[in-house]
Amino acid sequence: GESVGLHLPTLSVQEGDNSIINCAYSNSASDYFIWYKQESGKGPQFIIDIRSNMDKRQGQRVTVLLNKTVKHLSLQIAATQPGDSAVYFCAETYNTDKLIFGTGTRLQVFP
Amino acid sequence: GAGVSQSPSNKVTEKGKDVELRCDPISGHTALYWYRQSLGQGLEFLIYFQGNSAPDKSGLPSDRFSAERTGGSVSTLTIQRTQQEDSAVYLCASSLQGGTGELFFGEGSRLTVL
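Here we summarise the structure given alongside this text. It should be emphasised that the depicted structure is a prediction, and the values quoted were computed from it without experimental measurement.

1. Looking at the side chain of Thr80(A)
Residue and element names in this part refer to chain A. Relative to the helices and strands, Thr80 resides in the loop between strand 8 (72-77) and strand 9 (86-93). Only 2.7 Å separates the side chain of Thr80 from the side chain of Ser19, close enough to count as a polar contact. Non-local contacts of Thr80, meaning those with residues more than four positions away in its chain, are made with Val13, Glu15, Gly16, Asp17, Asn18, Ser19, Arg61, Leu107 and Val109.

Written as structure tokens, this is what we have:
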């Protein structure tokens, strides 16, 4: 079936560096993508979204890039902080209301 | 409350028992979702309610799983004759209208089946 996967299960970065979390999706018809952040013991929280008619969207310290040609999504975090340590999920939807989530990437930030 | 509320936060049960998990969505949100998250895994879609429409049950793993939403608000996820593989965190989320848009998640109900 359709699925969303991630290239790196764990990403370790030094505080202050930029982080890039990658995601591959399998359905070329997907038209909406979201990144969520999940801290230990909590539910996922919305970070940023992007529609398929865009290839880049920026938020506060975060940027999402969408490459529809290779069905790739990335989340860039600028000046990574210890509070950014969490598991990050990408999710897609394709003409339905339910989001399909990937396995997640754990981001570890070292001082 | 201001957010999605789930109860119980933790539930330990014996294999074969039935369990009920409750979700109170954000007031005014018409869409409600249930997801399951096993240890170290992603979020597995279970069921989706949108207003008065028939729920999308395509993610329910077996007929032991069912869910209802009363009055367009509170939802209950019921697992009958629990099995050890049902052990997971069950997450509920709501959104204002359904379709694309931000989901607001509760903190989940951790189910352990012994």
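2. What about the state of the cysteines?
Residue and element names in this part refer to chain A. If you walk through the whole model with that rule in mind, you get two disulfides over all chains. The disulfide bridge from Cys23 ends at Cys90, spanning 1.8 Å between sulfur atoms. Because the sign of the S-S torsion sets the handedness, a value of about 50 degrees for the bond joining Cys23 and Cys90 places this disulfide among the right-handed ones. Of this pair, Cys23 sits in strand 3 (residues 19-25) while Cys90 sits in strand 9; the two residues are 67 residues apart in sequence, bridging distant segments of the chain. Cys90 matches Cys23 in its accessibility class, with the two residues each being buried.

3. Structural notes on the interface of chain A and chain B
Contact with chain A, which involves 18 residues of that partner, is made by 21 residues of chain B. Both faces combined, the contact of chain A with chain B buries some 1500 Å², and carbon together with sulfur accounts for 57% of it. There are zero salt bridges connecting chain A and chain B. At the surface where chain A touches chain B, the tally comes to three residue pairs in polar contact (both at pLDDT 80 or more). In terms of residues, the side of chain A that touches chain B owes the most to one element, strand 4 (residues 32-38) of chain A, which gives four residues. Grouping the constituent residues of the side of chain A that touches chain B by class yields eight nonpolar, six polar and four charged.

About the criteria used
Residues numbered from 1 in each chain as written. Chains lettered and ligands numbered in written order. Predicted model: local features only at pLDDT ≥ 70, side-chain atom pairs only at ≥ 80, totals over all residues. Heavy atoms only, no water. Helix = DSSP H or I, 4+ residues; strand = E, 2+ residues; numbered from the N terminus. Polar contact = N/O pair within 3.5 Å; in protein donor to acceptor, adjacent residues only side chain to side chain. Contact = heavy atoms within 4.5 Å. Disulfide = S-S within 2.5 Å. Buried < 20%, exposed > 50% of the residue type's maximum accessible area, 1.4 Å probe, protein only. Buried area = accessible area lost by both parts, 1.4 Å probe. Salt bridge = Lys/Arg side-chain N within 4 Å of Asp/Glu carboxyl O. Nonpolar A, V, L, I, M, F, W, Y, C, P; charged D, E, K, R; others polar.

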